[in-house]
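What follows is the residue order along each chain.
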Amino acid sequence: MSYTRPTFRHPEARENKLGYSRKAYEGAISTLCAGCGHDSIVSAIITAFFEMSIEPHRVVKLSGIGCSSKTPAYFLGRSHGFNSVHGRMPSVATGANMANRDLVYLGVSGDGDTASIGLGQFAHVVRRNLNMIYIVMNNGCYGLTKGQDSATADKGSKSRKGAPVSFESIDLCELAIQLGADFVARGFSGDKKQLVPMLKAAIAHKGLAFVDVISPCVTFNNAPTSTKSYSWVRDHMEATSTLDFIPLQPEITTEYDHGTAIQVALHDGSIINLFKREDKEVITSKKDAIADLEEAKVDKHILTGVLYLNPESEDFHDINQTAEQPLNLMGEKDLCPGNAMLQTLNESLR
Amino acid sequence: MKRLERVNDFVIRFANVNGSGSASANNLFAKVVYRLGVPVSPKNVFPSNIQGLPTWYEVRISEQGYLGRRGGADFIIAVNGQTLRDDYDMVQPGGYFLYDSTRELPESFNRDDVTLIGIPLTQLCNDEFQDNRMRQLMKNIIYIGALAYLLDIGMEPISASIRKQFAKKPKLAEPNIKALELGFDYAREHHGDSCGLRIEPSTAVGQRILIDGNSGTALGALFGGATVVGWYPITPSTSVVEAFERYANRYRVDPETGNKNFAIVQAEDELAAVGIAIGAGWNGARAFTATSGPGISLMSEFLGLAYFTEIPVVLIDVQRSGPSTGMPTRTQQSDLLSCAYASHGDTRNVLLFPSDPHECFEMTADAFDLADRLQTPIIVMSDLDLGMNDHLCEPFSWDDDRRYDRGKVLSAEDLDKIESKWGRYLDIDKDGICYRTLPGTHPEKGAYTTRGTSHTEYAAYTEGSAAYERGMKRLLVKWETARSLVPRPEIRIRDESKKIGALYFGSTTAAALEALDRLEGNHIPINSMRIKAFPFQQEVFEFISEHDLIFAIEQNRDSQMQILLAGECLVAPGKMVPVTNFNGLPITARMITNQVHTTLLARGKAFISAASPVQESTP
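Residues numbered from 1 in each chain as written. Chains lettered and ligands numbered in written order. Predicted model: local features only at pLDDT ≥ 70, side-chain atom pairs only at ≥ 80, totals over all residues.

**Regarding the overall build of chain B**
Filter applied, for reference: Labels follow the DSSP assignment, with helices taken as runs of H or I lasting at least four residues and strands as runs of E lasting at least two, numbered in each case from the N terminus. As defined in this context, the radius of gyration uses C-alpha atoms, and a globule is described by 2.2 Å times the residue total to the power 0.38. Every C-beta atom is placed from the backbone, and the number of other C-beta atoms within 10 Å of a residue's own sets its class: buried at 20 or more, exposed at 12 or fewer, partly exposed in between.
Of regular secondary structure, chain B possesses 19 helices and 23 strands. Against the compact-globule benchmark of 25 Å for 619 residues, chain B has a radius of gyration of 27 Å, which places it among compact chains. For chain B, the proportion of its 619 residues judged to be buried stands at 53%.

Below, the structure written as structure tokens:
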């Protein structure tokens, strides 16, 4: 749905540390269907980057193909974007990040883009622990080709067309944990209170931060019988933990004050406050995280929150020992060994 | 029987079992000939296997400097029981057959035009060495020792090379020298004057070096400023990236911090490999990937994206025999069409055709400038023969004043100076190439979304026919700019009347030049054109139109260059005659002369003067 957005902003609208208003983080008007979960995620992304005072032009947006992959047009209009080919965002993101390690890389993908055609690339970008935020806008269906089931649609779930899904679904979060992701979270587009701090923590995390956001497709997969519908998710959602993200400097007063908080410090010194459910284990255990997910499946619950976190993450450039200076800024002096070396090499071949 | 008696002009072929350590012994032999100053051209014919299957190493020795395959073998070292009979049958009349005489040859090996040279390799080895591995490895060195005597090389040049090879581990040199002596002494005692082939020191090599094309390519990428590599292992391109990594570890690592001025990812497949290179090219780093035919098929989707979104990227295609998995360890030039028009829709890619390792170096370095200048994929078309075999070529050199041409990239200052609205796909200079920006350049200006969907001059999504057509037509303007920038063909006129021409490219060059020399010697002067790049320039069109008949010499079944030329240059049907070899082994000069003769005979007297002999002997 297209609509016009008034350009007027309240003159006293809040500005962030950089002096930018929220507008500097907005993009073009969305052309998605009215009520699409993706639009809510877009709004959460805008809020997260705005509130974290990240310079928009230092962010790189990358996506594949599909409804979700169209969304980078709708946020961070001052950032470069790359709407690549279906299922291949991870490799393009890898190359872009290798070229310049200093920018913030935000990958946006969908369940078709990631769990089917791009499953291989997803697995390997996780293995490489590329320093990026990888968001899947997960609606369990192929929206742009009119509602076919995707690989994350739960077995037995029924979309608008009414036929139950025949095959097992892929749980991207569980897979990501197994593949070695050091930050794995699941959110719901209808719960911005949880999603915004979750995205902030993902942005602050060094290494690959995987965020699976269940995002109902109002047009093709929102029947009450679908496990990706608004009503089903609301009824079956169970938060592993509520969380708040505290950036390195200005302290944000937490809105959650129940339960006991556990603080997990990220590499840059920022802190995630996790308000655990009393009976839940610490999320820094991989084994427990997977067990929780499996258990929730049996109970037909959808676990949300930060599911697994390893704050000691080593990203691709740490492992590769890449120079601090971005590779794309290097010139002849840094890169070309020169003719003298070549003559020595010629001689060694004789 | 008339024995072959030749100095510095023959072909020697080693028949081995792969995984037996023969490769280093055979390389040693070629290197010694090279160090004696005699032009040499070794070709490795190997299986897609690690151990136990037949492998051959063919060494052409040519004082005149003919470095292509000639065809046939004058001296065969038969160390592989599996292929003994075939190897024996292959010896040229008057030639020599060296075999392991620990076991007698079957009686059926009774040709009267072959000189048998029995050396009890296994026996000698077992008597001298106790260790099993040593017994296997040293067998190879023993026959090199025998050759040192038989070909009149002497012990010294070979033992000197061995000592050089083991300079850091002199202890390892000892058993090698011992084995060398065993072979040398045995041959001297038992085959005093068996062999009429000789190698004499020469100055014909001059300053030239001996190196494989893939190393040249890797050095080109290193000097050309490549920093990001995405790749997936595939023969015969693997050694491009392995060599790049080796050189980069040597020359691009900060000695104090250990930090690297490069990043290489071995990707999950070829799609990701080229995706990585494209992502990095988009973000302003010089990036490449190396692959072979099957990889090209997989990369086609991404090549279309890079073409349409205009992203610089360099692709090295080391071609092998297709289709499908084909013969993965055999050579061919059969990816021309799949590379030229890779991907769906109307696409065209710039191709470069190096013919030796020196050109692999130069063209690869140039490819990065071209990619940045043209903002499009540049594909360097090497092949297995060129890439994996050692070739004699001019030494490498680099102009230290040379600056990388990074093309039209706007800085923050540039963006501030622009008064009108900047558009990523606005053709300001009317050369089809637009100005691009890199992420992170300017807080407020120059951001855009790159997309594989149709876009306006301002990079906005559009389904408007007019904008789409404008974009597609502009890409053709850029194609014309590419035509003016890529290397021009090398033309040689032997006959001013310009009756017959021949064209070829890449690794076919050496055999083609030899064939054309021989044909000229037989009073059939044929003008020649070596094509170095696609798009083709005016010279290519003119050369074809000036001649009555054109031989297109290439190494694939379907005459792909001819198809490309026919379409691009609108050549009249029948004007071009294919001369092809697609058996997986490098084309030989004899194959070319034979096919040319056959055609000329069939086409009648118009093309053959009275003095021309009918045909050379078959290979």
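Next comes the rest of the description.
**Quick look at the domain arrangement of chain B**
Often the size quoted for an interface is simply the accessible area lost on bringing the parts together. All names here are of chain B. As a reminder of what qualifies: Just so you know, the domain bounds were taken from an automatic or database domain assignment. The contact rule is simple: place each C-beta atom from the backbone, and if two of them lie within 7 Å, those residues are in contact. Residues were grouped as follows: Ala, Val, Leu, Ile, Met, Phe, Trp, Tyr, Cys and Pro as nonpolar; Asp, Glu, Lys and Arg as charged; and all remaining residues, including Gly, as polar.
By domain assignment, chain B separates into domain 1 (6-198), domain 2 (211-393), domain 3 (412-485) and domain 4 (490-607). For domain 2 versus domain 4, the distance between C-alpha centres works out to 28 Å. With 20 residues of domain 2 at the contact, the number on the domain 4 side is 21 residues. Residue assignment for the side of domain 2 that touches domain 4 shows that the elements contributing at least two residues are helix H11 (336-340), strand S14 (350-352), strand S15 (377-383) and helix H13 (384-388). Looking at side-chain class alone, the side of domain 2 that touches domain 4 contains 11 nonpolar, 6 polar and 3 charged residues.

**Comments concerning helix H19 (residues 589-603) of chain B**
Residues and elements named next belong to chain B. Test applied: What a helix is expected to span follows from its residue count: subtract one and scale by 1.5 Å.
Look at H19: 21 Å from first C-alpha to last across 15 residues, which is about the 21 Å you get at 1.5 Å a residue. Along H19, the residues that are buried comprise Ala589, Arg590, Met591, Ile592, Thr593, Val596 and Leu600. Next to the buried residues of H19 lie helix H16 (509-521), strand S22 (549-554) and strand S23 (576-580). A positive phi of about 95 degrees marks Gly604, the residue just after H19.

**Here we look at the sheet that holds strand S4 (residues 132-138) of chain A**
Test applied: Here, any two strands with at least 2 DSSP bridges between them count as paired. Only the stretch in contact is used when fitting a helix axis, every axis being a line fitted to C-alpha atoms; angles between N-to-C directions are given from 0 to 180 degrees.
Ordered by their spatial adjacency, 9 strands build an open sheet running S9(A)-S13(A)-S7(A)-S8(A)-S4(A)-S3(A)-S1(A)-S2(A)-S17(B), and the pairing between neighbours is mixed. The sheet is open, and its two borders are formed by strand S9 (237-239) of chain A together with strand S17 (449-451) of chain B, each paired with just one other strand. Looking at each pair of strands side by side, their axes are set apart by 20 degrees on average, direction ignored. One ladder, built from 3 bridges, connects S9(A) with strand S13 (residues 302-309) of chain A; its direction is parallel. The residue of S13(A) that forms the bridge with Ala239(A) is Thr304(A).

**Some thoughts on the environment of Phe361(B)**
Residues and elements named next belong to chain B. Within the element layout of this structure, Phe361 appears in helix H12 (residues 357-374). Judged by the 30 C-beta atoms lying within 10 Å of it, Phe361 is buried. Separated by 137 residues in the primary sequence, Phe361 and Gly224 place their C-alpha atoms 9.1 Å from one another. With residues up to four places along the chain from it excluded, the contact list for Phe361 reads Gly216, Leu219, Gly220 and Phe396.

**Description of the confidence of the model for chain B**
Residue and element names in this part refer to chain B. Test applied: Residue-level confidence of the predictor is what pLDDT reports, using numbers from 0 through 100.
Per-residue confidence for chain B gives a mean pLDDT of 95, with 98% of residues at or over 70. Across residues 610-619, confidence stays below pLDDT 50; counting only partners more than four residues off in sequence or on other chains, it has 15 contacts. Predicted as a complex, the structure gets a pTM of 0.95 and an ipTM equal to 0.94.

**Let's talk about the nonpolar core**
Using the following cut-off: Each nonpolar core reported here comprises buried Ala, Val, Leu, Ile, Met, Phe, Trp, Tyr and Cys residues connected via C-beta atoms within 7 Å.
Ranked by size, the top nonpolar core spans 277 residues in total, and within it Val211(A), Leu98(B), Ile142(B), Ala146(B) and Val228(B) carry the most contacts. The greatest single-element share of this core, amounting to 11 residues, is contributed by helix H4 (residues 132-150) of chain B. Setting aside residues no more than four positions away along its own chain, Val211(A) makes contact with Ile133(A), Tyr134(A), Ile135(A), Ala185(A), Gly187(A), Met198(A), Leu199(A) and Ala202(A). In this structure, Cys141(A), Tyr142(A), Val165(A) and Phe220(A) belong to the second largest nonpolar core, which totals 6 residues.

**Topic: the sheet that holds S14(B)**
All names here are of chain B. If you walk across this open sheet you meet the 7 strands as S11-S10-S12-S13-S15-S14-S21, and the pairing is mixed. In this open sheet, the two edge strands, each paired with only one partner strand, are strand S11 (263-266) and strand S21 (533-534). Summarising the sheet, S14 and S21 pair through 2 bridges and their orientation is antiparallel. Paired with Leu351 across the strands is Phe534, a residue of S21. Running over the sheet, helix H8 (residues 238-251) touches strand S10 (228-231), S11, strand S12 (287-291) and strand S13 (313-319) and is turned about 150 degrees from S10.

**Concerning the environment of Arg22(A)**
Inspection of the secondary structure assignment puts Arg22(A) in the segment before helix H1 (37-51). The residues touching Arg22(A), leaving out its near neighbours within four places in the chain, are Ala13(A), Ile46(A) and Phe50(A).

**Notes on the pairing of strand S19 (residues 500-505) of chain B**
Residues and elements named next belong to chain B. The line we're drawing: Looking down the strands as they point away from the viewer, one classifies a crossover as right-handed if the path from the first strand across the helix to the second runs clockwise.
When you tally the buried positions in S19, you get 6 out of 6 residues, the bulk of the element. Relative to S22, S19 runs parallel, the two sharing 4 bridges. Across the sheet, Ile500 pairs through a bridge with Leu549, a residue of S22. Note: S19 against strand S20 (residues 527-531), 5 bridges, orientation parallel. The residue bridging Tyr504 from the neighbouring strand is Arg530, located in S20. Regarding the hand of the β-α-β motif, the stretch spanning S19, H16 and S20 is right-handed.

**What to know about the interface of chain A and chain B**
Between chain A and chain B, the contact holds 52 residues from the first and 55 residues from the second. Secondary structure elements with two or more residues in the side of chain A that touches chain B: strand S2 (80-83), helix H3 (89-99), helix H5 (119-128), helix H11 (332-335) and helix H12 (339-348) of chain A. Per element, the largest residue contribution to the side of chain A that touches chain B is 8 residues, and it comes from H3(A). Classifying every residue of the side of chain A that touches chain B by side-chain character gives 21 nonpolar, 22 polar and 9 charged. When S2(A) meets S17(B), the two strands line up parallel, connected through 3 bridges. Following the sheet pairing, Gly81(A) is matched in S17(B) by Thr449(B).

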